[in-house]
Amino acid sequence: MPTPTTERTARPRRSRTRSRNVSPRPALVISTLKPHQYDLRPTCASLICPDCKTWVPITGVQAKVQKLVPHDTGAVAKDAAVRCQGSNRLVTVDVAYEVWQRRLEDGGAEAAGRRSARQHYKPLPAPAKPVTQMSPAAMSVSDALAAYRDHLRKCRVRNVAGRCGGTHRCADGARLAALYAELQRTQPLRQHEARVDALLARCRSTTAWSKQSEATASPKATAKRGGTAVEEANNSCRHRLPGTVSDYRGPQVPTQPVRITT
């Protein structure tokens, strides 16, 4: 009974071959290819075959004759063993290694410059909390009352079960009513506490300023601005009858504009 034959797969592509066969097709000129389509490094000289569009080693790069090694059209050990027409095709290396490397680097830099800058997307702001979930400290009595009235107006229009109507309130309406009642009860106390905190902060700043001024003032300046006579003059509060002459009025103070004659 004859044994079934298995289909042969593509063979590995050796980097160097000793075959003397030469393809009758015209030689492939390296300069006609783009810099990224061939590699001229001596350790891995290769190019993209124009026929099968795969990377194929170049044998004899440093010798007089360069040609493509025999290769199949498909991937190694996966596709069928179909010999490519570009096997053993002569290659004309008319580009120096330094020139090829410089062109490749310039092309990479140019491509990197053409790329658009990385987009940094700002995170979307978080949605605002519903009025029913806000803390009492973040609202005022007027805001809570306006939110409660707005909810009643919208809820009574909706034709759903459990809506606000008469003395009945839905869940959101009940929460808004409770929030309004709590704010109405606690806001005067919170305002009083805020006023007390502001007064305490003002007293602390005044005390700190006075201590700093006393520490920086010289004894001579302190004696000039202080003393018993100065304190008595500052503390005196005398009532002046209408029609009396001021203490600052005297013969040295002119009562009429002075005319300057030239």
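The coordinates are above.
Residues numbered from 1 in each chain as written. Predicted model: local features only at pLDDT ≥ 70, side-chain atom pairs only at ≥ 80, totals over all residues. Heavy atoms only, no water.

Q: Break down unusual backbone geometry for me, with residues and values.
A: In this structure, K53 is a non-glycine residue whose phi angle is positive, near 60 degrees. Relative to the helices and strands, K53 resides in the loop between β3 (46-48) and β4 (55-59). Its identity as a non-glycine residue notwithstanding, N88 has a phi of 60 degrees, on the positive side. On the accessibility criterion, N88 (11% relative accessible area) is buried. (Helix = DSSP H or I, 4+ residues; strand = E, 2+ residues; numbered from the N terminus. Buried < 20%, exposed > 50% of the residue type's maximum accessible area, 1.4 Å probe, protein only.)

Q: Residues and numbers for the environment of D143, please.
A: Turning to its location among the elements, D143 is positioned in helix α2 (residues 141-157). Given a relative accessible area of 43%, D143 falls into the partly exposed group. Through-space distance from the C-alpha of D143 to that of L183 is 10.0 Å; in sequence the pair is 40 residues apart.

Q: Let's hear about the sheet that holds strand β1 (residues 28-29): which residues, and what values?
A: The pairing of strands in a sheet comes from backbone hydrogen bonds and takes either a parallel or an antiparallel form. Read across the open sheet, the six strands follow the order β1-β6-β5-β4-β3-β2; overall the sheet is mixed. Each edge of the open sheet carries a strand with a single partner, namely β1 and β2 (38-39). (Pairing = 2+ DSSP bridges.)

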